[in-house]
Amino acid sequence: QVHVVESGGGLVQPGGSLTLSCAASGDIFRVYHMGWYRQAPGEQRELVAKTTADVITDYSDSVKGRFTISSNSAENTVSLQMNSLKAEDTAVYYCNVGVYLSSKAFYDAWGQGTQVTVSS
């Protein structure tokens, strides 16, 4: 019903920058929230940044001041600008969107994930 695709992952040196992009498509009546989560090996998936109703923005304390989330609910897209990257930012990053379908039912969708590796 809703398809989510991420792009932009890769290998970057410590202190470098990377931008992740995500686009949602399908039976979307209205986007409610869009965000990014990450999961490092052996760890639980955790919130990185999230926007709700294009107004409320939440960041993990570990990325505040370094990462910036930008969403466009009209185009069903969200990006994550990551600066001053650290080795501990290494993880698979997942895009998550919560939308209302044409049936007005709420649907939560995830992308397949994109690997971000911070290493010299």
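Residues numbered from 1 in each chain as written. Predicted model: local features only at pLDDT ≥ 70, side-chain atom pairs only at ≥ 80, totals over all residues. Heavy atoms only, no water.

Novice: What should I look at first to understand the sheet that holds strand 8 (residues 77-82) in this one?
Specialist: Remark on secondary structure: sheet strands pair via backbone hydrogen bonds, oriented parallel or antiparallel. One open sheet accounts for four strands, arranged 1-3-8-7; its pairing is antiparallel. A strand with exactly one partner marks an edge of an open sheet, and here the two such strands are strand 1 (2-7) and strand 7 (67-72). The sheet shows a mean angle of 15° between the axes of neighbouring strands, direction not considered. Bridge count between strand 1 and strand 3 (residues 18-26): six bridges; the pairing is antiparallel. Following the sheet pairing, His3 is matched in strand 3 by Ser25. (Pairing = 2+ DSSP bridges. Helix = DSSP H or I, 4+ residues; strand = E, 2+ residues; numbered from the N terminus. Axes fitted to C-alpha atoms, helices over the stretch in contact; angles between N-to-C directions.)

Novice: So what exactly am I meant to see when it comes to the state of the cysteines here?
Specialist: In protein structure, a disulfide is the covalent linkage between the sulfur atoms of two cysteines. Counted by the stated rule, this structure contains one disulfide. A disulfide bridge connects Cys22 with Cys95, and the sulfur atoms are separated by 2.0 Å. Sign of the S-S torsion, about -80° for the bond between Cys22 and Cys95, identifies this disulfide as left-handed. Taken together, the residues Cys22 in strand 3 and Cys95 in strand 9 (residues 91-100) connect sequence positions 73 residues apart. In this pair, the class of Cys22 matches that of Cys95, namely buried. (Disulfide = S-S within 2.5 Å. Buried < 20%, exposed > 50% of the residue type's maximum accessible area, 1.4 Å probe, protein only.)

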